[in-house]
Structures are given as C-alpha cells and as structure tokens.
Amino acid sequence: MNTAELLYQSIQSLASTTELAWLEDKLIADSKGLSLAFVMAPRQVAKTRVGIIPGWNWQNGTLDQLVRVYLLIHLAEKEDGKSRIETLFDTAEMNELVALYRALPVLPTPEIWLHRATDAVRSNMGPVFDAIAFGNPYPTTYFSELAWNQLVLKCIFNDKPIHLIEGLDERANQALANTLADFAHERWAAGRRVPSQVWRLIRNFQTETKEQDIKRLAESADPNDQKAAELILENSPLEAWRVLEKEETAY
Amino acid sequence: MCQNPNEHKLNPSHFEGSTEEKQTAQEVEGGFAAYTQGMKFFDPHVHMTSRTTDDYQALADAGVVAIIEPAFWLGQPRTGLASFKDYFASLVGWERFRSSQFGIKHYCTIGLNSREANNEALAEEVMEILPLFLQKEGVVGVGEIGFDDQTAAEEKYYRAQLELAKEMGLPVQVHTPHRDKKKGTERSMAIALEHGLAPHMVVIDHNNEETVKSVLDQGFYAAFTIYPFTKMGNERMVEIVKQYGSERIMVNSAADWGISDPLAIPKTAALMKIKGISDADIQKVTYQNALDSFAQSGQINEKDFIDGLEIDQSLKFNGNTVLRGGQAPRIDKNSIFIR
C-alpha cells in the first residue's frame, strides 16, 4: 500500500459521511479546485485527532491536516501542480505551511521542493520549523550537509529537542561537531549551556577542544552533563544516550 | 488606517477630545488595572503588525485574550501585488504565531483598504487573490473596507468586496472616513443594504456621537475606536454607553503605526467602572459584542482562548511542546538585568 492509500484509509475511518462526500467531490476537481480545497479544508473537515498511522510518522495530527496532505498528493500529479503548490506556499497561513512541509516527503517528486524545505528551517514560526525538523524524513533524505548542519544548529539554538530529528545520529559529521563545540563555548561564555545530549553528535569526532570539554562536563554540577561525559569516556553505544533525550533548560 | 497625511496636525484623528478628557484619561492610565481585575477583553480592531512585543506583553497582562487584526493601509502605498500577498500572508502566519507566544488568540480580517483602492490597476490584481485568503482558517471577515476620499474607485471595490463577503457568508468590517464622516457612514450602510447584506453581518467602525444613532437604528453593529488625545475619548465613550446601552456597541483600540494605545479597551473598561457602568454592560462592549459579531464567520471558538490559550495538540510532537520560537516569551521588565 502506498502512502496515499494509507492516508485515505485513515481518512475514511475517521471522517463523517458529509466530510467524506466533500472530499470525494473535490478530488475530481481541476488543479484550481484542488488548491482551493486545500485552503478550505478546515472549514469543511473537523480537527479530529488522528492516532498512529503505520508507515506515516505524523503523530498527533488532525483529520483536516491529513485531508490536506491527501489533496496535495493529488494536486502534485496535475500538469500545473508544481506552480499551484508554489502559490499555496506563497500565500499560506501557519497550519497550511505545516501541512505543506509535512507532505513534502510523500509528494511524487520530493526533491523538487528542496528550496522550500530549507526555507522552513529559516522560519521563525515555531510550528513551521518543527514541521520540517521533527519526525519528518525529508531533511535526512534530501538535505546537503550544509543544510543539515543548519537544521541541527538552529534546533539547538532555539532550545528545541534534537532527538526528534530523523536521522540525527546517522548524519552526524565532522563539520557539525566543530560548529557545535564552538557553539557550546559561546553558550558557556554567556553563562548558558547546551542540552547534554548535544554531545552525542560530537562523541565520534575529534574537535580541537574535545578533551577540555569532556573534563568540563565531568566536573559540571549538572548531573546530565556528568552523564554525557561518562557516556563519551566509556564509548557507550548510542542506545545509552536515550536517558538524555529530554528538554533541558539552557540557563 | 486612521491617520490622514493630508491633515498636517500633530495628532490627526477621527475625533477631537477636550482637555478635561485628556486629564481624566491620564489619571486612569496610572492605575487602570485596579479597576479591571478579573475582566477579559476582546479587541476586534488592532494592527499588531505595527506594534512590538512589549505591546503584546501589556495586552496579555491587561486581560486581552483575543484580538482581530484587520488588513489596512501600512502608512505608505504598496507598489505591487507581491507586497499585498506577503502582508496578507503575515496576518495569517507570522503575526498569528507572534500573538500565540503571548497567549493571545489572533484572528484577522482581509480586504483591500479604501486608500489603495484608488490604484485601480493594482486593486484589480489584489481582488484576484482575496478569495484565496478569505477562505483561510481564522479569517473572520472582510475588512477593513469602505471609504476614504469617497471616490468612484473606492465605491467600486467596496461593492465588489461586499459581494465577496456575501458569497462567503463572512462579516464585514467597515472603515468610515475621517472627512465628511456622517455622509460617508450613511453611504457605506446604504450600499451594504443595497447589496443585500444583513445589518447584523456588518460592523460599522470608527463611530462618534454623530453617527451612532443611525447605525444602531438600522441594525448594524457600531464600533468605537478609542485613541489617546485626539480620537474618541473614553469619557465620551462612557456617555455613549450611558445613552445607548450596550446592545451591538463595541470598543476597539485600532492601535497602529500612529500614536495610539493598544490598552485602550482595558483603560476604557476601567473608566466605565469608575463612572458606574454595570459589569454586564462593560463585558458586552469590551468583549461579548465583538465576539458575537465576528463569530458569525464560524471561525471563532471561545473555548480556544477564554481559559487561556489552549495549545493546539497538533503543535505537540511526542508530547513535547513545540510552540516556542527561540526565546522565552515572558521576561521580567522590571529587572535591571538583561540576560
């Protein structure tokens, strides 16, 4: 079963007869009709909570969002689908942007949306950044190393939990480790800190200050930092870092 | 869209207030919060795009739980469609997010303002994209539209947008002109009726003593903009509520890029309280009537904000709140330490 079929199955099980009839009617519309249906969806479809869908990692989603993604898949298949979707991006409100970014990995040719996806990383709207960053396979599959590193760094900069990023450990790299070490020093100078789990991205790389940094963590009053130092020194498997997967204050 | 560059006054406005009013207003300003404890407010007209986070903080602290931001004139003309598009998108996106960080529910109305209706070539293009925005979530009406100079072009686009509102079942927020106000207001209402809009779907804004009776008599909602120094003084507002009661009357701040006060509603509520207006009447003109009129859009659900902004569960991922945008929104303004 492909993603579209999976989505439709969930929509069918959750939607009322009226909601389903509205959707069926819109699915046979032309690309303009599909675009408008995307915009109108929350006026026609309730925000019914969607449970976990196998093969689709958008937890805590709502029915109207699911319908939006489904409409986008259909719209993308139209001849002028790309330009229609570009317009939807340009005129989108916050929830529309979230649906658009969530839909990227399941659209027919995900790679053509790379410019939009990297824009989302620049967004200052929390939910928009989160839509591309968390639980979304798009960045790990399509982002260049530079774009990937920006995503991880911005996530830490905004005090958001990095462990929700898909492919986090697989895409760890030397350039990111160097940047993160610098960033941690900046934070320390300002009397702030980085969440302890950030050090998991540095553990397999040699940075200029690695030894001093581990020493500093080990001597920290913060038990999470002590734990991070211990995990690095003992060369613990990734699994052991799970205990640090939590939000931590930066002050 | 409340100031007129053609009038070279220090504080141009819809209304002139007396020195006495100014004095009372200043007294209330010192400690208005003491009179508004436990009150909640709904500002149906405030241009937050022009305001800072300090204003959002002050609104939240003063009990403002929900606001409507009408699309308006940004102070200098736009030269292309793209700047309209980006502005409308910011009203439903960025500004909505900014507001949510302070626990305030943000709605907006979308429209082509009267001043820029006079650039017909551009106005045509804007009309093309309006329906796309009017259908969006949290868009509670067409606004603010109406007359400025009362030109033929203004009338043309006012009528066209009334048709859009009717077609989509949305309320209309009507800006009434600064100059030749009484005639402009009558004309705005007559045209709305001519297009078959129900008066209860139309909020006539920026009223004064001269316009209020006719607006209420014809069944429209009557909104009053309270501005410091020069617009509707809030003492005059108290007199209007005393005379006309609280049915279909609402106050707003219309705070924008000009000298204006986002706290106009709580301050006016305090003055009403001091002047003996009942709590029930204060609640109607500072909250309920705004809610009732714009809820006719089907886009306002009071329980989303009445007990504090409910964080949409879809904004959580694996149980983590993901609403933060990079900084803790609340800071202690009285602390001399900035960290």
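These figures come from a predicted structure and were not determined experimentally.

S.K.: Run through the overall build of chain A, naming residues and quoting values.
M.R.: Per the secondary structure count, chain A includes 13 helices and zero strands. Taken from the N to the C terminus, the helices and strands of chain A come in the order α-α-α-α-α-α-α-α-α-α-α-α-α. Dimensions of chain A along its principal axes, counting C-alpha atoms only, are 65 × 30 × 30 Å. Across the 251 residues of chain A, 59% fall into the buried class. Long-range pairs, those at least 24 residues apart, make up 65% of the contacts in chain A between residues at least 6 apart in sequence. Counting every atom, chain A has about 10,800 Å² of accessible surface; 51% of that belongs to carbon and sulfur. Of the side-chain charges in chain A, 26 are positive and 35 negative, and the distance between the mean point of each set is 3 Å.

S.K.: With reference to specific residues and values, describe the packing of aromatic side chains.
M.R.: Tallying each qualifying case throughout the model produces 20 aromatic pairs over all chains. Here Tyr107 of chain B and Phe305 of chain B contribute two aromatic rings whose centre-to-centre distance is 6.4 Å and whose plane-to-plane angle is 75°, an arrangement assigned as edge-to-face. A residue pair is termed long-range when its members are at least 10 positions apart, and Tyr107 of chain B in strand β3 (residues 105-110) and Phe305 of chain B in the loop between α12 (279-294) and β9 (316-317) qualify at 198 residues. As far as burial versus exposure is concerned, Tyr107 of chain B and Phe305 of chain B are alike and both buried. Through a chain of ring-to-ring contacts, the aromatic side chains of Phe42, Tyr107, Tyr287 and Phe305 of chain B assemble into a single cluster. Arg68 of chain A extends its terminal NZ or CZ atom over the ring of Phe38 of chain A, reaching a point 5.0 Å from the ring centre. Sitting over the ring of Phe133 of chain B, Lys136 of chain B keeps its end group 5.4 Å from the ring centre.

S.K.: Residue-level account of the pairing of strand β4 (residues 139-146) of chain B, with values.
M.R.: Where a strand is regular, its side chains alternate between the two sheet faces. All names here are of chain B. In terms of burial, β4 is a largely internal element, eight of the eight residues being buried. As judged from the three bridges shared by β3 and β4, these two strands associate in the parallel manner. From the neighbouring strand, Thr109 faces β4, where its bridge partner is Gly141. Pairing between β4 and strand β5 (residues 172-175): four bridges, direction parallel. Bridge pairing in β5 links Gly146 to His175. Handedness of the crossover joining β4 and β5 through helix α7 (residues 152-168) is recorded here as right-handed.

S.K.: Explain empty space enclosed by the protein to me, using residue names and the numbers behind them.
M.R.: All names here are of chain A. All chains considered together, the criterion is met by four cavities of 30 Å³ or more. Size it by volume and the second largest cavity reaches roughly 60 Å³. Lining of the second largest cavity is provided by Asp159, Lys160, Pro161, Ile162, Pro195, Gln197, Val198, Lys246, Glu247 and Glu248. Of the residues belonging to the lining of the second largest cavity, the class tally is four nonpolar, one polar and five charged.

S.K.: Requested: an account of the side chain of Gln150 of chain B, with residues and values cited.
M.R.: Residues and elements named next belong to chain B. The residue Gln150 is located in the loop between β4 and α7 in this model. From its side chain, Gln150 meets the backbone oxygen of Asp180 in a polar contact 3.2 Å long. In terms of polar contacts, Gln150 uses its side chain to reach the side chain of Arg187, at 3.3 Å. When near neighbours in sequence (up to four residues on either side) are disregarded, Gln150 contacts Pro177, Arg179, Asp180, Lys183, Gly184 and Arg187.

S.K.: Got a sec to walk through helix α3 (residues 31-44) of chain A? Specific residues and values, please.
M.R.: Residues and elements named next belong to chain A. The end-to-end C-alpha distance of α3 is 19 Å, a good match for the 20 Å that 14 residues give at a rise of 1.5 Å each. At Phe38, α3 shows its largest bend, some 45°, and a proline, Pro42, comes one to four positions later. Here α3 lies mainly inside the structure; ten of its 14 residues are buried.

S.K.: Account for unusual backbone geometry, naming residues and giving values.
M.R.: Residue and element names in this part refer to chain B. Residue Gly143 is joined to Glu144 through a cis peptide bond whose omega torsion reads -15°. As for its placement among the helices and strands, Glu144 is situated in strand β4. The backbone of His206 shows a phi angle near 55°, a positive value even though the residue is not glycine. Tracing the chain through its elements places His206 in the loop between β6 (202-204) and α9 (212-217). Unusually for a residue other than glycine, Ala254 sits at a positive phi of about 45°. Assignment of secondary structure puts Ala254 in the loop between β8 (249-252) and α11 (264-274).

S.K.: Which residues make up the sheet that holds β8 of chain B, and what values go with them?
M.R.: Two modes of strand pairing occur in sheets, parallel and antiparallel, and in both the strands are linked by backbone hydrogen bonds. All names here are of chain B. Pairing is parallel across the open sheet formed by eight strands, whose spatial order is β1-β2-β3-β4-β5-β6-β7-β8. The outermost strands of the open sheet, each flanked by one partner alone, are β1 (41-43) and β8. Strand-to-strand twist of the sheet, defined as the mean angle between neighbouring strand axes without regard to direction, takes the value 25°. Two strands pair when backbone bridges link them, and strand β2 (residues 64-70) and β3 are joined in this way by five bridges, in the parallel orientation. Paired with Ile67 across the two strands is His106, which belongs to β3. Where helix α6 (residues 120-134) meets the sheet, it contacts β3 and β4, and its direction lies at approximately 150° from that of β4. Contacts between helix α10 (residues 234-244) and the sheet are confined to β7 (221-225) and β8, with β8 contributing the most and set at about 170° to the helix.

S.K.: Go over the side chain of Glu93 of chain A with me, naming the residues and quoting the values.
M.R.: Tracing the backbone shows Glu93 of chain A in the loop between α5 (81-90) and α6 (94-103). Looking at Glu93 of chain A, its side chain comes within polar contact range of the main-chain nitrogen of Asn95 of chain A, at 3.2 Å.

Cut-off values and rules
- Residues numbered from 1 in each chain as written.
- Chains lettered and ligands numbered in written order.
- Predicted model: local features only at pLDDT ≥ 70, side-chain atom pairs only at ≥ 80, totals over all residues.
- Heavy atoms only, no water.
- Helix = DSSP H or I, 4+ residues; strand = E, 2+ residues; numbered from the N terminus.
- Buried < 20%, exposed > 50% of the residue type's maximum accessible area, 1.4 Å probe, protein only.
- Contact = heavy atoms within 4.5 Å.
- Areas by Shrake-Rupley, 256 points an atom, 1.4 Å probe, with all protein chains shown as cover.
- Lys, Arg positive; Asp, Glu negative; His and termini not counted.
- Charge placed at Lys NZ, Arg CZ, Asp CG, Glu CD.
- Phe/Tyr/Trp six-rings, centres within 6.5 Å; stacked < 30°, edge-to-face > 60°.
- Lys NZ or Arg CZ within 6 Å of the ring centre and 35° of its normal.
- Pairing = 2+ DSSP bridges.
- Right-handed = clockwise from strand over helix to strand, strands pointing away.
- 1 Å grid on protein atoms, 1.4 Å probe; cavity = no way out; pocket = protein on both sides within 12 Å on 5 of 7 lines; lining within 4 Å.
- Points joined across faces, edges and corners; volume = space filled by probe spheres on them.
- Nonpolar A, V, L, I, M, F, W, Y, C, P; charged D, E, K, R; others polar.
- Polar contact = N/O pair within 3.5 Å; in protein donor to acceptor, adjacent residues only side chain to side chain.
- Expected span 1.5 Å × (residues − 1).
- Bend = angle between axes of the 7 residues up to and from the residue.
- Axes fitted to C-alpha atoms, helices over the stretch in contact; angles between N-to-C directions.

Everything listed here is a matter of geometry and, on its own, says nothing about what the molecule does.
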